Amino acid sequence: MNDKLQRLLERCKCGVFLTVNEHRDYYETAEHRLADNYDSNECPPDIDPAVRAKMIETDTIVDLQFYPDTPVGSYSILHYDLDAALTMALERLEPPPATAPEHLPPPSAPS
């Protein structure tokens with residue numbers, strides 16, 4: 001199994017749903033599905049314009065929805081590349097490593 005998918009599954013306490021090219025089951029294009037099913041949502045997904053253009057060009061929709069902590073709080077990622085979608089999911093769940101401040105103030109003297 002893909003290591004990134006495995007990490008996502010391990011991190012999520014609730015469901016992980018991956019759908020790829022469901023629009024093709026309904027004889028739709030990616031462009032039509034994006035316009036009719038995603039753009040019309042109450043909270044449409046935020047898709048980078050370059051990613052959206054590539055989704056339409058390749059007629060590919062990777063739809064990744066995951067519930068990391070509860071069955072009511074989820075994330076949804078749309079992309080044309082499965083690996084990129086998984087990377088984005090993990091970035092949302094795994095905070096960046098902490099960095100030490102370059103300069104710490106001197107400790108204060110006891111009064």
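Look above for the structure.
Residues numbered from 1 in each chain as written. Predicted model: local features only at pLDDT ≥ 70, side-chain atom pairs only at ≥ 80, totals over all residues. Heavy atoms only, no water.

Spatial ordering of the open sheet is given by β1-β2-β3, a layout of 3 strands whose pairing is antiparallel. Because the sheet does not close on itself, it has two edges, and the strands there are β1 (16-20) and β3 (75-79). Each neighbouring strand pair of the sheet contributes to a mean axis angle of 10°, computed without reference to strand direction. Judged from the 5 bridges that link them, strand β2 (residues 62-66) and β3 form a sheet pairing that is antiparallel. For Leu64, the partnering residue across the bridge sits in β3 and is Ile77. (Pairing = 2+ DSSP bridges. Helix = DSSP H or I, 4+ residues; strand = E, 2+ residues; numbered from the N terminus. Axes fitted to C-alpha atoms, helices over the stretch in contact; angles between N-to-C directions.)

Right, let's talk about a nonpolar patch on the surface for a bit. Where nonpolar side chains cluster on the molecular surface, the patch consists of Leu18, Val20 and Leu82 and spans about 220 Å² of accessible area. Mapped onto the secondary structure, Leu82 falls in helix α4 (residues 82-93). (Patch = residues over 30% accessible without salt bridge, like charges linked within 9 Å, V, L, I, M, F, W, Y side chains within 5 Å. Areas by Shrake-Rupley, 256 points an atom, 1.4 Å probe, with all protein chains shown as cover. Salt bridge = Lys/Arg side-chain N within 4 Å of Asp/Glu carboxyl O.)

Now for the packing of aromatic side chains. Geometry of an aromatic ring pair is reported as the spacing of the ring centres plus the angle between the planes. Counted by the stated rule, this structure contains 2 aromatic pairs. Seen in terms of ring centroids, Phe17 and Tyr67 are 6.2 Å apart; in terms of plane orientation they differ by 85°. Their pairing is edge-to-face. You can see Phe17 sitting in strand β1 and its partner Tyr67 sitting in the loop between β2 and β3, a full 50 residues away along the chain. We classify Phe17 as partly exposed; its relative accessible area is 48%. Taking the relative accessible area as the measure of exposure, Tyr67 reaches 17% and is therefore buried. Measuring from ring centre to ring centre gives 5.3 Å for Phe66 and Tyr75, while their planes differ by 20°; the resulting arrangement is stacked. (Phe/Tyr/Trp six-rings, centres within 6.5 Å; stacked < 30°, edge-to-face > 60°. Buried < 20%, exposed > 50% of the residue type's maximum accessible area, 1.4 Å probe, protein only.)

As a further point, take unusual backbone geometry. Even without a glycine there, the phi angle at Asn21 is positive, about 60°. As for its placement among the helices and strands, Asn21 is situated in the loop between β1 and α2 (30-38). Looking at Asn21, the relative accessible area reads 14%, which means it is buried. With a phi angle near 55°, Asp59 is a residue other than glycine that sits in the positive phi range. Within the secondary structure, Asp59 sits in the loop between α3 (49-58) and β2.

Let us look at α3. An α-helix turns once per 3.6 residues; consequently, residues spaced three or four apart project the same way. The residue sitting at the N-terminus of α3 and contributing the capping side-chain oxygen is Asp48; that oxygen lies 2.8 Å from the backbone nitrogen of Ala50. Looking at the residues trailing α3, positive phi occurs at Asp59, about 55°. (Polar contact = N/O pair within 3.5 Å; in protein donor to acceptor, adjacent residues only side chain to side chain.)

As a further point, take the pattern of salt bridges. Enumeration according to the criterion identifies 6 salt bridges in this entry. A salt bridge links Arg33 to Glu28; the nearest nitrogen and oxygen atoms lie 2.7 Å apart. Accessibility expressed as a relative area gives 8% for Arg33, which makes it buried. On the accessibility criterion, Glu28 (19% relative accessible area) is buried. Notably, a salt bridge pairs Glu57 with Lys54, separated by 3.7 Å at the nearest N-O pair. With Glu57 and Lys54 both in helix α3 and 3 residues apart, the pair spans about one turn of that helix.

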